[in-house]
Amino acid sequence: MFANPEIGIDLGTANILVYTKQKGIVLNEPSVVAIDLETKNVVAVGAEAKEMVGKTPQNIVPIRPLKDGVIADYDVTAQLLKEILKKVSKVMGSSLRKPTIVVCTPSGSTSVERRAIHNAVKSYGAKNVHLIEEPIAAAIGADLPVDEPVANVIVDIGGGTSEVGIISFGGVVSCRSVRIGGDSMDEEIVQYIRKQYNILIGERTAEQIKMEIGFALIEHDELTMDVRGRDMVTGLPKTIQISSKEVQVALKESLEQILETIRMTLEDCPPELSGDIVDHGVILTGGGALLKGMQQWLASEISVPVHLAPNPLESVAIGTGRALQMITKLQKAAK
């Protein structure tokens, strides 16, 4: 049994990642809970629950309790956290007694939203709960020198939100958050196929399209993919072929809003730090950073170097865990 273990949680809209000092990333599961409406009991969590999306009987509903990076359904989130931390106990081969937990929150979240996250984690029996802003966690996880007087620009494109932060001396100099991420890109693909082809597809199919043939707004050799959905006229299943150029059209609006957020954040940067940005460039993290051509497109649009973090999907969780050692220093910088 670990006495007072230290745990970092990336409470993401799409995935929950848990980092422990002893074993690194011990859990990476979708933020989905399947609930039985009659008994209000949790039927499944994580990957198991995600498999059920769009395939369950009426009394079982898969819920994503986190919307836009913050808690949309408090009770379900508390249950999700409980189940996730139970899984962590199993992985670590011991029960977690009074852990110290660091959770990252979107920089744009309100004090009410932060309090909800704090309470949901505390209800599990945590000894101490610390909240850290997502851009700082992402920067620490991407191995950036956050506590030095150098500008570090981090662009974290997550499932529910995209965060852009300029960090120096362990604090956020300038930061903007837009509630657009992987989820809204999936939704754009669903809507595009609905309008163009009169075919209804599910979220999981849209995510698959994005991952296989989704491109940022760059020139590329066209790829195609067969997509199955329900014909809205006949109500029958139908297969169509969709191209990567069409997916680009569907994603254009979301990508341009992310770009605009990056530009506005860079405009807010103090002149002294602007020189550092030209030298060191921008670091991309989060699942959205893996969209084909993202790095190339952003570099051409903002005219500074754009680098991919060593492990984009896990940067925030790793940074949240590592922040445990830096938490006192970071809290002093925030005051």
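Conventions used here
- Residues numbered from 1 in each chain as written.
- Predicted model: local features only at pLDDT ≥ 70, side-chain atom pairs only at ≥ 80, totals over all residues.
- Heavy atoms only, no water.
- UniProt positions renumbered as here; feature names shortened; annotations may be inferred.
- Helix = DSSP H or I, 4+ residues; strand = E, 2+ residues; numbered from the N terminus.
- Buried < 20%, exposed > 50% of the residue type's maximum accessible area, 1.4 Å probe, protein only.
- Polar contact = N/O pair within 3.5 Å; in protein donor to acceptor, adjacent residues only side chain to side chain.
- Contact = heavy atoms within 4.5 Å.
- Arc of directions from axis to C-beta.
- Domains from an automatic or database assignment.
- Buried area = accessible area lost by both parts, 1.4 Å probe.
- Salt bridge = Lys/Arg side-chain N within 4 Å of Asp/Glu carboxyl O.
- Nonpolar A, V, L, I, M, F, W, Y, C, P; charged D, E, K, R; others polar.

- As recorded in an unreviewed UniProt entry, the protein goes by the name Cell shape-determining protein MreB, listed as coming from Terribacillus aidingensis.
- Under the heading Subcellular location (unreviewed entry), UniProt records this for the protein: "Cytoplasm".
- What UniProt states about the protein under its Function (unreviewed entry) heading is, verbatim, "Forms membrane-associated dynamic filaments that are essential for cell shape determination. Acts by regulating cell wall synthesis and cell elongation, and thus cell shape. A feedback loop between cell geometry and MreB localization may maintain elongated cell shape by targeting cell wall growth to regions of negative cell wall curvature."

**Focus: the side chain of Thr-13**
So, point 1. Assignment of secondary structure puts Thr-13 in the loop between strand E2 (6-11) and strand E3 (15-20).
So, point 2. When its relative accessible area of 4% is taken as the criterion, Thr-13 is described as buried.
So, point 3. A polar contact of 3.4 Å, which involves the side chain of Thr-13, links it to the backbone nitrogen of Gly-160.
So, point 4. In contact with Thr-13, other than residues within four places in its own chain, are Ser-31, Arg-64, Leu-66, Lys-67, Asp-68, Gly-69, Gly-159, Gly-160 and Asp-183.

**Section: helix H9 (residues 294-302)**
So, point 1. Buried within H9 are the following residues: Met-294, Trp-297, Leu-298 and Ile-302. With its buried residues spanning 105 degrees around the axis, H9 presents them on a single face. Relative to its buried face, H9 has exposed residues pointing more than 90 degrees away, namely Gln-296 and Ser-300.
So, point 2. Packed against the buried residues of H9 are strand E13 (152-157), helix H7 (244-267), strand E19 (282-285) and strand E20 (306-308).

**Focus: the side chain of Asp-36**
So, point 1. Tracing the chain through its elements places Asp-36 in strand E5 (residues 33-36).
So, point 2. Of note is the side chain of Asp-36, whose polar atom sits 3.0 Å from the backbone nitrogen of Glu-38.
So, point 3. Not counting residues up to four positions away in its chain, the partners in contact with Asp-36 are Asn-41, Val-43, Asn-59 and Ile-60.

**Looking at the domain arrangement of the protein**
So, point 1. What the domain assignment lists for the protein is domain 1 (6-137 + 315-334), domain 2 (144-180 + 254-308) and domain 3 (182-250).
So, point 2. Counting from both sides, the interface comprises 19 residues of domain 1 and, opposite them, 18 residues of domain 2.
So, point 3. Carbon and sulfur atoms make up 59% of the area that domain 1 and domain 2 hide from each other, which totals about 1400 Å².
So, point 4. Counting the surface domain 1 buries against domain 2, the share from its top three residues, Asp-68, Pro-135 and Ile-136, is 37%.
So, point 5. Linking domain 1 with domain 2 are one salt bridge.
So, point 6. Measuring nitrogen to oxygen at the nearest pair gives 3.6 Å for the salt bridge that ties Arg-179 to Glu-113.
So, point 7. There are one residue pair in polar contact (both at pLDDT 80 or more) connecting domain 1 and domain 2.
So, point 8. Where the side of domain 1 that touches domain 2 is concerned, the elements lending two or more residues are helix H4 (134-141) and helix H10 (315-334).
So, point 9. When residues of the side of domain 1 that touches domain 2 are assigned to their parent elements, the largest contribution, six residues, is made by H10.
So, point 10. Taken together, the residues of the side of domain 1 that touches domain 2 sort by class into nine nonpolar, five polar and five charged.

**Some points on the environment of Gly-319**
So, point 1. Relative to the assigned elements, Gly-319 resides in helix H10.
So, point 2. For Gly-319, a relative accessible area of 0% translates into the label buried.
So, point 3. In sequence terms Gly-319 and Asp-143 are 176 residues apart; their C-alpha atoms lie 8.4 Å from each other.
So, point 4. If sequence neighbours within four positions are ignored, Gly-319 has contacts with Ala-137, Ile-140 and Gly-141.

**Focus: the pattern of salt bridges**
So, point 1. By the definition in use, this model includes 15 salt bridges.
So, point 2. A salt bridge links Glu-6 to Lys-21, with the shortest nitrogen-to-oxygen separation between them at 3.6 Å. Pair noted here: Glu-6 is in strand E2 and Lys-21 is in the loop between E3 and strand E4 (24-30), with a separation of 15 residues, a long-range link.
So, point 3. Assessed through its relative accessible area of 26%, Glu-6 is described here as partly exposed.

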